[in-house]
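Spelled out from the first residue to the last, the chains are:
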Amino acid sequence: MYDGAVQDLIDELGHLPGIGPKSAQRIAFHLLSTDPTDVRRLADAIITVKEKVRFCATCGNVAESEQCRICADPRRAEDLLCVVEEPKDVVVIERTREFRGRYHVLGGAIDPMNGVGPDDLRIRELLTRLGDGKVEEVIIATDPNIEGEATATYLTRMLVPLGVTVSRLASGLPVGGDLEYADEVTLGRAFEGRRTVS
């Protein structure tokens, strides 16, 4: 336990995902020894993100305006939609340069153990997007873990009756892993080898 402001900083850093008590302490003491200008830039960047960044009204990706840059790009294929769990997954897939369609970010995965059900995700918005008939194929790119597979199965059951082609990323991604940690080659091959679910 440290005095006042130092302990408050350690406690706040400890609330971040993946940051335990020891890491929070290390970061806090790093910030204490860092040049004040650098610390101010970090603080300003955090405040700016909270003030300017929102979620795209169309797909749910991060954006600084009503639509993200992908939804606003007329060169992107409107008939191909890739469904992902989180905005970070969009970045990972974009790095492969294999996908030229559009995205739909669910905002998570079905996880009954943590109280996350289908109504907690952006599935209604997905069904609304498919209502205009422009989308011909939906690629489900949820994480290859229990929650991602449960979400993919649920989505498949919802989407197949709509007459849209539903596919899932091919093998090559490790089971129990996250898309965020897959390298570009593995993820690129998974896109090339995707298979139809229905």
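This is a predicted model, so every value here is computed, not measured. (Residues numbered from 1 in each chain as written. Predicted model: local features only at pLDDT ≥ 70, side-chain atom pairs only at ≥ 80, totals over all residues. Heavy atoms only, no water.)

1. Some thoughts on helix α7 (residues 146-159)
One full turn of an α-helix is made of 3.6 residues, so residues set three or four places apart face in the same direction.
Okay, step 1: Spanning 14 residues, α7 covers 20 Å between terminal C-alpha atoms, matching the ideal 20 Å at 1.5 Å per step.
Okay, step 2: Of the residues making up α7, those classed as buried are Gly 148, Thr 151, Ala 152, Leu 155, Thr 156 and Leu 159. End-on, the buried residues of α7 take up no more than an arc of 135°, which puts them together on one face. In this structure, α7 carries Ile 146 and Arg 157 as exposed residues pointing more than 90 degrees from its buried face.
Okay, step 3: In this structure, the buried residues of α7 make contact with β3 (80-84), α6 (123-130), β5 (137-140) and β6 (165-168). (Helix = DSSP H or I, 4+ residues; strand = E, 2+ residues; numbered from the N terminus. Expected span 1.5 Å × (residues − 1). Buried < 20%, exposed > 50% of the residue type's maximum accessible area, 1.4 Å probe, protein only. Arc of directions from axis to C-beta. Contact = heavy atoms within 4.5 Å.)

2. Here we look at the packing of helix α1 (residues 4-14) against helix α2 (residues 21-33)
Okay, step 1: Where α1 contacts α2, the two axes come as close as 8 Å, and the packing angle between them is 130°. Classed by the angle they form, the pair α1 and α2 counts as oblique. Here α1 runs over α2; the crossing is right-handed. Note on element contacts: α2 touches α1 through Pro 21, Ala 24, Gln 25, Ile 27, Ala 28, Phe 29, Leu 31 and Leu 32, opposite Val 6, Leu 9, Ile 10, Leu 13 and Gly 14.
Okay, step 2: For the contact of α1 with α2, the per-class residue count stands at 11 nonpolar, 2 polar and no charged. (Axes fitted to C-alpha atoms, helices over the stretch in contact; angles between N-to-C directions. Parallel < 35°, antiparallel > 145°, perpendicular 65-115°, else oblique. Left-handed = near helix turned anticlockwise from the far one by under 90°. Nonpolar A, V, L, I, M, F, W, Y, C, P; charged D, E, K, R; others polar.)

3. Thoughts on the pairing of β6
Okay, step 1: Direction of pairing for β5 relative to β6: parallel, over a ladder of 4 bridges. Its bridge partner lying in β6, Glu 137 is registered against Thr 165.
Okay, step 2: Handedness of the β5-α7-β6 crossover: right-handed.
Okay, step 3: In this sheet, strand β7 (residues 195-196) lies alongside β6 in antiparallel orientation, the contact comprising 2 bridges. Considered in β7, the bridge of Ser 167 is made with Thr 196. (Pairing = 2+ DSSP bridges. Right-handed = clockwise from strand over helix to strand, strands pointing away.)

4. Focus on the side chain of Thr 34
Okay, step 1: Assignment of secondary structure puts Thr 34 in the loop between α2 and α3 (36-52).
Okay, step 2: Here the side chain of Thr 34 touches His 30 through a polar contact of 2.5 Å, landing on its backbone oxygen. (Polar contact = N/O pair within 3.5 Å; in protein donor to acceptor, adjacent residues only side chain to side chain.)

5. Re the environment of Gly 176
Okay, step 1: Here Gly 176 lies in the loop between β6 and α8 (184-192).
Okay, step 2: Along the backbone, Gly 176 and Val 39 are 137 residues apart, and their C-alpha atoms lie at a distance of 36 Å.
Okay, step 3: Excluding anything up to four places from it in sequence, Gly 176 contacts Pro 144 and Asn 145.

6. Observations concerning the nonpolar core
Okay, step 1: Counting 22 residues, the largest nonpolar core has Cys 82, Val 84, Ile 93, Phe 99, Tyr 103 and Leu 169 as its most contacted members.
Okay, step 2: Elements with a minimum of two residues in this core: α4 (69-72), β3, α5 (87-96), β4 (102-105) and α8.
Okay, step 3: Excluding residues within four positions of it along the chain, Cys 82 makes contact with Ile 93, Phe 99, Arg 102, Tyr 103, His 104, Ile 139, Ala 141 and Phe 191.
Okay, step 4: Counting 16 residues, the second largest nonpolar core, distinct from the first, contains Leu 81, Val 83, Leu 126 and Ile 140. (Core = buried A, V, L, I, M, F, W, Y, C linked by side-chain atoms within 4.5 Å.)

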